[in-house]
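# Report on the structure
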Amino acid sequence: MRRVRYAHSGGPEVLFLEEAPVPEPGPGELLVRTEAVGVTLPVVRKVREPREPIVLGGEIAGEAVALGAGVTTYAPGDRVTGLTFGHGYADYALLHVTMASPVPDGASAVDAVALVRSGLVAYGALQAARPEPGEAALVTAAASGVGHLALQLASLRGAGRVVAAVSDRRKSAFVRGLGADAVVTYDAGSWGEPVDYVLDAVGGELLAPAVGALAPHGRLVAYSSGGGTVSAYDLLVGAKSVIGFQMALIARGRPETYEKWRTQLWRLFLTGALKPSVHGEFALEEAARAHAVIEERSNLGKVVLIP
């Protein structure tokens, strides 16, 4: 089979395609013939980190072709999606049964990778914000794979005003089409009227202005891998709070919650209430191009590899 990996850290140019044996499923694992692979910002960032290379895992969707010992809830031929911690940029990938979910009729493999992992992060971050009906929300990276779903979910949850924060004004039409009431760019001197909660996917230097965008008693949910620091004084004077959110902790520690959110996402998708957008589909050998799109912050929605 073909798979993508890298030998040393760097930009998209360090990715290359190689031949590798098809893996065998171990206990509790499914072997999936991948039909779609999601490209995420955390994986793109890790390729640049000065560290030993990691396997390029992440969200996959496709057909189960073999089962490991103890797997009884799926059969060969089932369409599945989920998060793999092994090689995911590949023709075949291993998916642990606890991270797998069926792809319902009416949804494609591309729909699945555009919706499930990104949607779960967006849904979970929104839950962490504890939104009340009528509150104002701001979503950073609002045109990203996660952000464009968070934008819609905030509206569906009853936000009185939803602000989309983006890197480029050229993304305005896209996010307004998804329900944003206002659009701000990161470099603007002001992010407009204060909001009650912020869902932040960027971190780093944007963390301070994101906290500054909060009204008194506002909440910021940080789910980015970008880090950043916040002044305790800035939190104190406005009685503001910062909440960290990580999807992996929910998946591993609260599987019933994970499944509940996943079921809700599919319901919203199948009824047409939630519309995942795909920026582009790239062949496996074009993985470098897909990573470049993410690094350039030019994507409008999800970036997907098609093995």
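Quantities reported herein were computed from a predicted structural model and do not represent experimental measurements.

Moving on, we get to the sheet that holds strand β8 (residues 136-140). Ordered by their spatial adjacency, 6 strands build an open sheet running β10-β9-β8-β11-β12-β13, and the pairing between neighbours is parallel. Across the chains shown, the open sheet's two edge strands, defined by having one partner strand only, are β10 (182-185) and β13 (241-244). Between one strand axis and the next, the sheet turns by 20° as a mean value, whatever way the strands run. As judged from the 3 bridges shared by β8 and strand β11 (residues 195-200), these two strands associate in the parallel manner. Looking at β11, one finds that Ala137 is bridged to Tyr197. With respect to the sheet, helix α2 (residues 109-129) is in contact with β11, β12 (214-222) and β13, its orientation differing from that of β11 by roughly 145°. Sitting on the sheet, helix α3 (residues 147-156) touches β8, β9 (161-166) and β11, and the angle it makes with β9 is about 170°.

Okay, unusual backbone geometry next. With a phi angle near 50°, Ala239 is a residue other than glycine that sits in the positive phi range. Tracing the backbone shows Ala239 in the loop between α6 (232-238) and β13. In this model, Arg297 sits at a positive phi of 55°, which is unusual for a non-glycine residue. Following the sequence through the fold, Arg297 ends up in the loop between α9 (287-295) and β15 (302-306).

In this section: the environment of Thr185. Following the sequence through the fold, Thr185 ends up in strand β10. Considered as a pair, Thr185 and Lys171 are 14 residues apart in the sequence and their alpha carbons are 9.6 Å apart. Other than its neighbours up to four places away in sequence, Thr185 contacts Val166, Asp168, Arg169 and Trp191. A polar side-chain atom of Thr185 sits 2.8 Å from a polar atom in the side chain of Asp187.

Tallied over the full model, the rule gives 13 salt bridges. The partner of Arg2 in a salt bridge is Asp91, with the nearest N and O atoms 2.9 Å apart. With Arg2 in strand β1 (residues 2-6) and Asp91 in the loop between β5 (79-84) and β6 (92-96), the pair connects residues that are 89 residues apart, well separated along the chain. Overall, Asp91 belongs to the buried group, its relative accessible area being 14%. Linking Arg2 and Glu285 is a salt bridge whose minimum nitrogen-to-oxygen distance equals 3.1 Å. Residue Arg2 is located in strand β1, and its partner Glu285 is located in the loop between β14 (278-283) and α9; the two are separated by 283 residues in the primary sequence.

Another aspect to go through is the side chain of Glu59. Inspection of the secondary structure puts Glu59 in strand β4 (residues 58-67). Polar contacts involving the side chain of Glu59 include one to the side chain of Lys302, which spans 2.2 Å. Excluding its chain neighbours within four sequence positions, the residues that come into contact with Glu59 are Ala36, Val37, Gly38, Val39, Thr40, Gly82, Leu83, Val113, Arg117, Ser118 and Lys302.

Counting residues in hydrophobic clusters, the biggest one holds 103 residues, and the most contacted among them are Tyr89, Leu151, Val175, Leu199, Phe245 and Leu305. If one sorts the elements of this core by residue count, α2 sits on top with 14 residues. Not counting residues within four places of it along the chain, the set of residues in contact with Val175 comprises Ala142, Ala143, Leu151, Ala164, Val166, Ala180 and Val183.

Evaluated as defined, the whole model comprises 4 aromatic pairs. On the basis of an interplanar angle of 45° and a centroid distance of 6.4 Å, the ring pair of Tyr186 and Trp191 is categorised as tilted. With a relative accessible area of 15%, Tyr186 lands in the buried category. Taken together, the aromatic side chains of Tyr123, Phe245 and Trp261 make up a single cluster linked through ring pairs.

Glancing now at α2. For the α-helix, the turn length of 3.6 residues means that residues three or four positions removed from each other point alike. A rise of 1.5 Å per residue sets the reference length of α2, with its 21 residues, at 30 Å; its end C-alpha atoms lie 30 Å apart and thus fit the reference within 8%. Maximal helix bending in α2 amounts to about 35°, located at Gly119. Counting buried residues along α2, 18 of its 21 residues qualify, which places the element largely inside the surrounding structure.

A separate point is helix α8 (residues 255-270). Relative to the 22 Å expected for 16 residues at 1.5 Å per residue, α8 spans 22 Å between its end C-alpha atoms, a close match to the ideal helical length. Listed in full, the buried residues belonging to α8 are Thr257, Tyr258, Trp261, Arg262, Leu265, Trp266, Leu268 and Phe269. Two residues or fewer past α8, Gly272 is found with a positive phi of approximately 85°.

Conventions used here
- Residues numbered from 1 in each chain as written.
- Predicted model: local features only at pLDDT ≥ 70, side-chain atom pairs only at ≥ 80, totals over all residues.
- Heavy atoms only, no water.
- Pairing = 2+ DSSP bridges.
- Helix = DSSP H or I, 4+ residues; strand = E, 2+ residues; numbered from the N terminus.
- Axes fitted to C-alpha atoms, helices over the stretch in contact; angles between N-to-C directions.
- Contact = heavy atoms within 4.5 Å.
- Polar contact = N/O pair within 3.5 Å; in protein donor to acceptor, adjacent residues only side chain to side chain.
- Salt bridge = Lys/Arg side-chain N within 4 Å of Asp/Glu carboxyl O.
- Buried < 20%, exposed > 50% of the residue type's maximum accessible area, 1.4 Å probe, protein only.
- Core = buried A, V, L, I, M, F, W, Y, C linked by side-chain atoms within 4.5 Å.
- Phe/Tyr/Trp six-rings, centres within 6.5 Å; stacked < 30°, edge-to-face > 60°.
- Expected span 1.5 Å × (residues − 1).
- Bend = angle between axes of the 7 residues up to and from the residue.

On their own, these measurements won't tell you what the molecule is for.
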